[in-house]
Number of protein chains: 2
Amino acid sequence: MDMMNAKPSEVRHQIRAGRITGQTSGMCKGYAQANLVTLPKDIAYDFLLFAQRNPRPCPLLEVSDTGERLLKYIAREADIATDIPKYRIYEQGELKGEYENVVEFWRDDLVSFLIGCSFSFEGDLLEAGVPVRQIEEGKNVPMYNTNIPCHPAGIFHGNMVVSMRPIPYELVPKAVLITGQMPKVHGAPIHIGNPEAIGIEDLSKPDYGEMVTIKDGEVPVFWPCGVTPQNIIMNSRPDFVITHAPGHMLITDTKNINLKF
Amino acid sequence: MDMMNAKPSEVRHQIRAGRITGQTSGMCKGYAQANLVTLPKDIAYDFLLFAQRNPRPCPLLEVSDTGERLLKYIAREADIATDIPKYRIYEQGELKGEYENVVEFWRDDLVSFLIGCSFSFEGDLLEAGVPVRQIEEGKNVPMYNTNIPCHPAGIFHGNMVVSMRPIPYELVPKAVLITGQMPKVHGAPIHIGNPEAIGIEDLSKPDYGEMVTIKDGEVPVFWPCGVTPQNIIMNSRPDFVITHAPGHMLITDTKNINLKF
């Protein structure tokens, strides 16, 4: 199967059947992928407010109805409990485990939040001649916890997670302009150049994903990341949350170009 | 007092003191104004979800903490209960009355939603030579109920309200491009040219605000409007809601230019 040119519904079907369990970067060219946070209704207001106050790391693409596994807007008939290659479950803020589906954990009081992913702007970067190193190297994008505080909301508080791409100096302005056009998938960088300034002590050891090569003449550029909620959840310790595993996204039916408008 | 060049905090002080009770169009040039919806916590999740699903008419600039009268983000120390020139109270979807402040109606379970206003893009339109008729004529912008359905959420459902500005044919593309840059204040038009197509039977009789002159060679252009929640509230009939009176906005400390990024 040619994953890059496959239709999203076809790939979701393969994932649902358990035939794809790896990360989704580069699949279904042109279509948006989404981060997942699923949690009980009694803390859903706090999380919805957290996302409203922190649209850079948490741009919402869709919020499900309570108890509803099927999405309505960004991916018709997508099943939240089966159509992501790998899930994580957090209990009291601790990672309990990773699962290929979460059918047995589903509850009628769960609400799902689908959050935009920076994979969406990588197509435009590549098209414009800006390298995307983790795609070149076949890796998961490197992601880091930072010291950049999010605005708190209800029980949720903590710092932003960022993704990093090394960009040649002369292409940094172009990378800012291209990604700045797409605020629903994190938009422009949150920081350019100095990892220590945002609390990253060792760039070679990402907190999520894998390290990529930084070449001479390249600067590390950091974007707000949809893994931020997982850091917030570890910090705020709610009883029960389901997320995607970093890099293992929901592939939607929504074209990236439609996230610009 | 030169209202166009006054500081937002100065004007809010005049409003709080009851010395300004009229509409706010054209005040505090360069600063964003906001629509208000204040309602009890038990229906706040439904309204927050409604806004998430309908960002064209309901782009959220800030959501208060529960019971909190003071804003934190878009207008420091602004008091929701006193700093708007005219309020409306709806009970079971019926307009109960208009008030110069809502101090006596305040409750500890109220949550306030501040929604972007199309007044914010009018400065750029004028700067670019696109006429804004209701400012020329010293009127409140004409607003209409439409047949365009909003996405429902919880108890909230109903149709979009739009504002109308007559634009010369040759300037319509420019008006689309300028306003499309500002999605947090309703963004690009939702319809151009044919009022009947969106359910407006008589353009000369707006449902809110005042009619303005449409000259030869001009086309009516319609933008999603922050009065939409009032139509939704009349339709969905919750027990108790406070809003601003149409055209009588909260003047924030947030520069319009910062709503572009």
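None of these values were measured; they are calculated from a predicted model.

Quick look at the pairing of strand β1 (residues 31–40) of chain A
Residue and element names in this part refer to chain A.
Right, so step 1: Here β1 lies mainly inside the structure; nine of its 10 residues are buried.
Right, so step 2: As paired elements, β1 and strand β5 (residues 110–116) share seven bridges and run antiparallel to each other. Considered in β5, the bridge of Pro40 is made with Leu110.
Right, so step 3: In this structure, β1 lies alongside strand β10 (residues 240–244), joined through two bridges in antiparallel fashion. Bridging from a neighbouring strand, Thr38 pairs with Ile242 of β10.

Quick word on the relation of the copies chain B and chain A
Right, so step 1: With an axial shift of 0.0 Å and an RMSD of 0.0 Å, the rotation relating chain B to chain A amounts to 180°. The superposition of one copy onto the other is thereby described by a two-fold rotation axis. For chain B, the residue whose C-alpha comes nearest the rotation axis is Tyr45 of chain B, separated from it by 2.7 Å.

Here we look at the domain arrangement of chain A
All names here are of chain A.
Right, so step 1: When the domains of chain A are assigned, the result is domain 1 (3–116 + 236–259) and domain 2 (119–228).
Right, so step 2: Inter-centroid distance (C-alpha atoms) of domain 1 to domain 2 is 21 Å.
Right, so step 3: Residue-level contacts link 30 residues of domain 1 with 32 residues of domain 2.
Right, so step 4: Those elements that place two or more of their residues in the side of domain 1 that touches domain 2 are β1, α2 (44–53) and β5.
Right, so step 5: Take the side of domain 1 that touches domain 2: its biggest share by element is six residues, from α2.

Details of the sheet that holds strand β8 (residues 191–192) of chain B
Residue and element names in this part refer to chain B.
Right, so step 1: Sheet architecture is open: four strands sit in the order β6-β7-β9-β8, paired in antiparallel fashion. Here the strands that pair on one side only, and so sit at the sheet edges, are β6 (143–149) and β8.
Right, so step 2: In this sheet, strand β7 (residues 159–168) lies alongside β6 in antiparallel orientation, the contact comprising four bridges. By the bridge assignment for β7, Tyr144 is matched with Val162.
Right, so step 3: Lying on the sheet, helix α5 (residues 172–180) is in contact with β7, β8 and β9 (218–224); it crosses β9 at an angle near 15°.
Right, so step 4: Sitting on the sheet, helix α6 (residues 228–236) is in contact with β6, β7 and β9, with an inclination near 150° to β7.

About the criteria used
- Residues numbered from 1 in each chain as written.
- Chains lettered and ligands numbered in written order.
- Predicted model: local features only at pLDDT ≥ 70, side-chain atom pairs only at ≥ 80, totals over all residues.
- Buried ≥ 20, exposed ≤ 12 C-beta atoms within 10 Å, placed from the backbone.
- Helix = DSSP H or I, 4+ residues; strand = E, 2+ residues; numbered from the N terminus.
- Pairing = 2+ DSSP bridges.
- Least-squares fit on C-alpha atoms with pLDDT ≥ 70 in both.
- Domains from an automatic or database assignment.
- Contact = placed C-beta atoms within 7 Å.
- Axes fitted to C-alpha atoms, helices over the stretch in contact; angles between N-to-C directions.

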